[in-house]
Amino acid sequence: MTVEAQTEAMTVSPFRILSRAHGVRAGVFRPPAACPIRPIHTPEMIVPTSRGTIPHLTPDNVSRNVPSIAGLHVGIEDYMDKTAMAAPLAIEAGRPGGHSLREYISVLPPQAAPGEQLPIFVSPRRANPIPSPQPNGDKAVSIQTSAGFRPVDVDDYLAFVERTTRDDGVVMLSPVDMPMVPGRKPRIGGNRIKKMLLRNSRWSAASTDRSALASVFAPIIPGLAWAMQKTYVDELVAYAAAGRLAGLTLWDLESRHIPESPIKLSAEEEESTASGVHWDHLPEALADVLRFSMSDLEGPHQALNTIAAGFDLIGGDFVLKTTDRGLAFTFTLPTTETAVPAEPAPLAINLWDRELFQYDTKPLVEGCQCFACKNHHRAYITHLLAVKEMVAWTLLQIHNLHVAGQLLADVREAIAAGDFAARLALFEVSYATDASLNVESPGPRVRGYQVRLGRATERLNPSPFHSL
Ligand SMILES: [Zn+2]
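None of these values were measured; they are calculated from a predicted model.

1. Topic: the overall build of the protein
Scanning the protein for helices and strands turns up 14 helices and 15 strands. By the burial criterion, 51% of the 468 residues in the protein qualify as buried. Taking the intrachain contacts of the protein between residues at least 6 apart in sequence as the baseline, contacts between residues at least 24 apart amount to 71%. Only carbon and sulfur atoms are counted for the fraction: they give 53% of the accessible area of the protein, which is about 21,800 Å².

Now the structure itself:
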């Protein structure tokens, strides 16, 4: 047996760290599967899907034109009925004529990875879901179906994932119980803390118990000090030791503080609550487990800082939001030789700006190797937006996913070379803030999962018809 083969045989974890410096790490994740699975080189971005597709992109478009996609995130709430638990349509693997979730989604893997499937991450809720008006129960998570919110029994959710996926590189994110108060910071009382700990502990146990589910990620409870989660974290250590835990998820960096906790905290607990996310508090046994941040990132600054905080995977929702706004990313990770500009450069250009772009026949970004930049120009996309032609968002999505994918590739290169911290510092001073991406724009149609429906007085989607 060669040394490599011995090391390989000793590595039970599907995640292997290749290099690390100052808490940032680079590695490879390959979920166990019966079919060939494309490994994820971390740090990497997991792209959210909506009802089986990456918004604006058809499966062949993804396959041919977005080679950088490394993994997909699927919210099971997209596939659940308001009343019945049975899988809608034909996604029932094992049933005659039934399909697996992977076959149903039909996102073809990029042509850069022939013969390999992309890893799929599933969770009860979508990435950055709309907060549910109904609280979770002891046994049920509240989800949003196409016809309204409903509770879903956690055992039913697990059985659903088991039935519709099997050994095909699907990673299951265990359900999480956390306070979700729309528009407000959560205030967690003592009883709520006890319930949260109990539910997350039960649900993680139920998830990791399913031997047919190859990879399970359990949540670190958001909003709670490490010290208070000790008993729960000890359970996670046991699952990891038994080879039943592939990773950890953390939902929201912002909700990590408990503003007014009636529970008396020890000095150590106070400190760990106030100091936020510190992986150093984790027991050694969990140090090398994969970490997936589910936070709603505003833009590339937050994405890079999340990686700097020690996460291996981040969500890609900020890319999809930028595309919906009609913006095209223009950033790259500067090298240590790059001169800092006198004024921070914009993170993106706004293609709705007809005055600037209607005669501009340059590509979105000079030298960009994406399909949109190699074949089309700014004036064309500005025209497509003006006439609300859907292909505008298709081209922007291809470009933005390419730029974000390139950023992550540069990050991996920088970690390997040991100059990530220096290049991140240069990025911080070279570009405008993430908030600059948050521009008002007449985007594509607003969909039900994007806004919370209340007593709205104005139409969400203005009528496209008007008198001439
Ligand atoms: Zn491009």
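Now that the structure is up, let's keep going.
2. Considerations on the sheet that holds strand β12 (residues 290-293)
Each strand in a sheet pairs with its neighbour through backbone hydrogen bonds, running either in the same direction (parallel) or in the opposite one (antiparallel). Here we have eight strands rolled up into a closed barrel, ordered β4-β5-β6-β9-β10-β11-β12-β13, and parallel in their pairing. Sheet twist, expressed as the mean angle between neighbouring strand axes with direction ignored, is 30°. Relative to strand β11 (residues 247-250), strand β10 (residues 215-219) runs parallel, the two being bridged by three bridges. The partner of Ala218 across the bridge, within β11, is Leu248.

3. Here we look at the coordination of the zinc ion
Coordination sphere of the zinc ion, protein contribution only: Cys368 (SG), Cys370 (SG), Cys373 (SG) and His399 (ND1), at 2.1 to 2.3 Å. What the four donor atoms of the zinc ion show is an angle range of 99 to 114° at the metal, which sorts the shape as tetrahedral. The sequence motif formed by the donor residues of the zinc ion is C-x1-C-x2-C-x25-H. Pair check on accessibility: Cys368 and Cys370 agree, each one buried.

4. Regarding unusual backbone geometry
Peptide bonds are, in most cases, trans, and in most cases residues other than glycine have a negative phi. In this structure, the amide linkage connecting Thr42 to the following residue, Pro43, adopts the cis form with an omega of -5°. You can see Pro43 is positioned in the loop between β3 (40-42) and β4 (44-48). A positive phi angle is found at Arg51, which is not glycine, with a value near 45°. By secondary structure assignment, the location of Arg51 is in the loop between β4 and α2 (59-65). Its identity is not glycine, yet Asn128 carries a phi of approximately 50°, on the positive side. Tracing the chain through its elements places Asn128 in the loop between β6 (120-123) and β7 (140-145). Asn128 gets classed as partly exposed once you look at its relative accessible area, which sits at 24%.

5. So, the sheet that holds strand β2 (residues 24-29)
Spatially, β1-β2-β3 is the arrangement adopted by the three strands of the open sheet, whose pairing is antiparallel. Since the sheet does not close on itself, it has two edges, and those belong to β1 (15-21) and β3, each with one partner. Mean inter-strand twist for the sheet, computed between neighbouring axes without regard to direction, equals 15°. In terms of strand pairing, β1 meets β2 through six bridges, oriented antiparallel. Note on β2: the bridge partner recorded for Arg16 is Val28.

6. Description of the side chain of Ser63
Inspection of the secondary structure assignment puts Ser63 in helix α2. Residue classification places Ser63 among the buried positions, given a relative accessible area of 9%. Leaving out residues up to four positions away in the same chain, Ser63 has contacts with Leu108, Pro109, Pro110 and Gln111.

Quick notes on the rules
- Residues numbered from 1 in each chain as written.
- Predicted model: local features only at pLDDT ≥ 70, side-chain atom pairs only at ≥ 80, totals over all residues.
- Heavy atoms only, no water.
- Helix = DSSP H or I, 4+ residues; strand = E, 2+ residues; numbered from the N terminus.
- Buried < 20%, exposed > 50% of the residue type's maximum accessible area, 1.4 Å probe, protein only.
- Contact = heavy atoms within 4.5 Å.
- Areas by Shrake-Rupley, 256 points an atom, 1.4 Å probe, with all protein chains shown as cover.
- Pairing = 2+ DSSP bridges.
- Axes fitted to C-alpha atoms, helices over the stretch in contact; angles between N-to-C directions.
- Donors = N, O, S within 2.8 Å, 3.2 Å for Na, K, Ca; no water.
- Tetrahedral: all angles 85-135°; square planar, octahedral: opposite > 155°, others 65-115°.

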